[in-house]
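# Breakdown of the fold
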Amino acid sequence: MRPQLHILAIVLVLGTIARAQAVSIQLDSGAFRVTGWQAPATPPAAGWVSVFSLYAGTADAPAMLGNYSVDGGTLVFRPRYPLAAGVKYRAVFRQPGRTPIERSFDGPTRAAAPATRVERVYPSADVLASNTLRLYVYFSAPVSRGEVAARLHILDGTGKELKDVLLPGQELWDPNNQRLTMTFDPGRIKRGLESNSKMGPPIAEGQRYTLVIDRGWPDAQGVPLASDYHKEFRGGPPVRVPPTPKQWKVTPPRAGTSAPLVVEFGRSMNYPLLQRMLQVAGPGGRVDGTIAVEGNETSWRFTPRMPWTAGAYQLMVDTDLEDASGNRIDQPFDIDVFEKVTEHLTTRTINVPFNIR
Amino acid sequence: MQLRFLVRAAIALCATTMIALLVLSVYRPVDAAAVLSAGKADLKSAGALTFGPDGVLFVGDSIGGAIVALDTNDKTPVKTAAINVQGLDQKIAGLVGVMPDQILINDVAVNPISKNVYVSAARGRGPDAMPLVVKVEPSGKVTPLSLDNIPHASVALVDAPNNDPAARQNPRTTTITDMEFINGNLLVTGMSNEEWNSALRSIPYPFNSAAKGTQLQIWHASHGRFETQAPVRTFVPYKLGGESYVLAAYTCTPLVKIPMSALKPGAQVKGVTIADLGSGNQPLDMVPYTKDGHEFILIANTTYGVVKLHADTLATDKPIDSPTVVDVAGAPYDKISSLTNVRHLAQVDDGHALVVSATPGNTNLQTIALP
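Conventions adopted
Residues numbered from 1 in each chain as written. Chains lettered and ligands numbered in written order. Predicted model: local features only at pLDDT ≥ 70, side-chain atom pairs only at ≥ 80, totals over all residues. Helix = DSSP H or I, 4+ residues; strand = E, 2+ residues; numbered from the N terminus. Buried ≥ 20, exposed ≤ 12 C-beta atoms within 10 Å, placed from the backbone. Contact = placed C-beta atoms within 7 Å. Pairing = 2+ DSSP bridges. Axes fitted to C-alpha atoms, helices over the stretch in contact; angles between N-to-C directions. pLDDT = per-residue confidence, 0-100.

The helix and strand inventory of chain B stands at two helices and 25 strands. The 371 residues of chain B split such that 50% are buried. Excluding contacts between residues fewer than 6 apart, the proportion of contacts in chain B whose partners are at least 24 apart in sequence is 50%.

Each helix and strand in chain A was counted, giving six helices and 23 strands. Burial statistics for chain A: of 357 residues in total, 33% are counted as buried. Once local pairs closer than 6 in sequence are excluded, the contacts in chain A between residues at least 24 apart make up 64%.

Residues and elements named next belong to chain B. Pairing is antiparallel in the open sheet, where four strands are placed in the order 5-6-7-8. The open sheet has two free edges, formed respectively by strand 5 (103-110) and strand 8 (142-144), since each of these has just one partner strand. Within this sheet the neighbouring strands show an average axis-to-axis angle of 25°, counted without direction. Examined bridge by bridge, strand 7 (residues 130-136) and strand 8 share three bridges and lie antiparallel to one another. When the sheet's bridge partners are listed, V136 is paired in strand 8 with V142.

Before going further, it helps to spend a moment on the confidence of the model for chain A. Here chain A averages 89 in pLDDT, while 87% of its residues score no lower than 70. In this model residues 8-20 of chain A is a low-confidence stretch, pLDDT under 50, and it forms two contacts with partners more than four residues away in sequence or in other chains.

Turning next to the sheet that holds strand 9 (residues 152-156) of chain B. Residues and elements named next belong to chain B. The strand order across the open sheet built from four strands is 1-2-3-9, with neighbouring strands paired in antiparallel fashion. The open sheet terminates on both sides in strands that have one partner only, identified here as strand 1 (49-51) and strand 9. Averaged over all pairs of adjacent strands, the angle between their axes in this sheet comes to 20°, without regard to strand direction. Pairing of strand 3 (residues 66-71) with strand 9 involves five bridges; the strand directions are antiparallel. Within strand 9, the residue paired with I67 across the bridge is V155.

Here's what the structure looks like:
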């Protein structure tokens, strides 16, 4: 009898070991499964998290949130949030009196080669008015937020970084994270304020500057940019007089052609606003067409979808249109007379008539 | 006789009941959370936060161009509570399965009833970042709210038309810079990523889909001239000499007081500059309070740290109306040098504030006694 018992004991022990060794953790379609272990139908008193938990990274982090279920005797954990690229996930299966079983998983893989770059920056001119208000940076693909302080620099002519040029802590983005809007410190632009009197304008007339965006800026996939970006510019005189549509040069094309209508402003305008604050209306109502902005944002070209027909037209100007220095139509950035404001607020658009013959 | 008595008694009872019902229906306080319906709160981002009544939390969704009211169902009154949570970003990152550098903390609000802290954040830094609204309890327990099924309501902010139908998305956004719930209205300030012109918006609550809110044009005196509509970075309701004001910090200029009575639909309001908080600086958050019979406003700044503004004479202080009087006019203030790297402030109770401080990779929450 005794030898038979020994054999039985050995078989049982080996069986248990085999079963314990067979327990493994699998990742399948975003769900983590404990295979080789028969999960009871109901969770233990301390919850399934006491048996099986997932951790992001290697630091001492709390267990990830998610839903547990028992699927055909297999314990399954589905994270509440999708797995993220660049993160190592650690799954731990615990049973009383046994060494925990751990397995690491990598989040989805990232694109290997840096490809995202800075495509263009507005204002695009080499000379920027000393009261330039906004800076637009267009990236070729979505990038990460929260990087401006570390990755966007403005250097003076000697290469020294200038810290107080842009409004601190204010990154503004389009919904796709491809266009960044930064604001030059308006307290330094507006005449008479303490910042302006003590520090002068953010851009000094005659001085040389370089905008540097360093390639360490991670794109939306966490991959650095393909290259650094440099834009050299010089400080020009301030632009204090507001843009006045009456003074713009409007060159109408000839009837029967699809040549562009050209509007020249005589100054650099705010690039994104030129995409939506000028419209053309003719005898048949609003004219559909495409917009091109040229000459360092001094010129707007409107090409109609259908050839022009002869008649009286209007260039409809939204009075919120700004030049590159934040001066609105007939209203400068930093001087305002209250009575005139009332007048301005009641006028939402100004029409500039022209004829096509 | 008996029948007549019974009829009279019945009529009297009915009348009394009807009057009582009428009175109760008139005076029963409306639960602000009861008007919310359960379902998925479709937030594209979670930014500015402020509490309304009955545990209703307003969340500014700058990317979605909306404000969402959430029922936190967190209404157990607590007089005061202290919180000290170190490494909040690391804790949130662990719960939602990313590295701490992928958590951007946007704002914080204290539930005035339960004193629990609510934090808005983004999981990720790209356009697919997921919005998070996280509850932090005094015990240190951190719980992201489940936004998939929560009583909520939302109101869209009127946005600029997109003239290019070929564009995938309208590139224009208004970043909601601050919100406050005052007298049944949500006051909202914002900053466009395109035009400089910005308005303060007043939205009645409960939200009515037909009423998108009223836009007000705010102006303030600046050195003898009138200023254009600069965006407001942060603001707070404040009583001065028995009258209600909004104290607003503009992006380009110092602190301004605006009488609440002037904030009427379509109004052009003139504010008065009352303090200059230093060049190259932006106020982030303000907490008004009274201590030892004196009034103060604790202000967190981007560059100048935390300052305590002496507000006793704010109603009568000589306004700053010329650059030459910057150092001699306006309200005086002290720098609180013990508070460093402060990103947000929120009022906890009459004597305490919540401070959010952050260094790269480490965000901490701490309750402090108001200085």
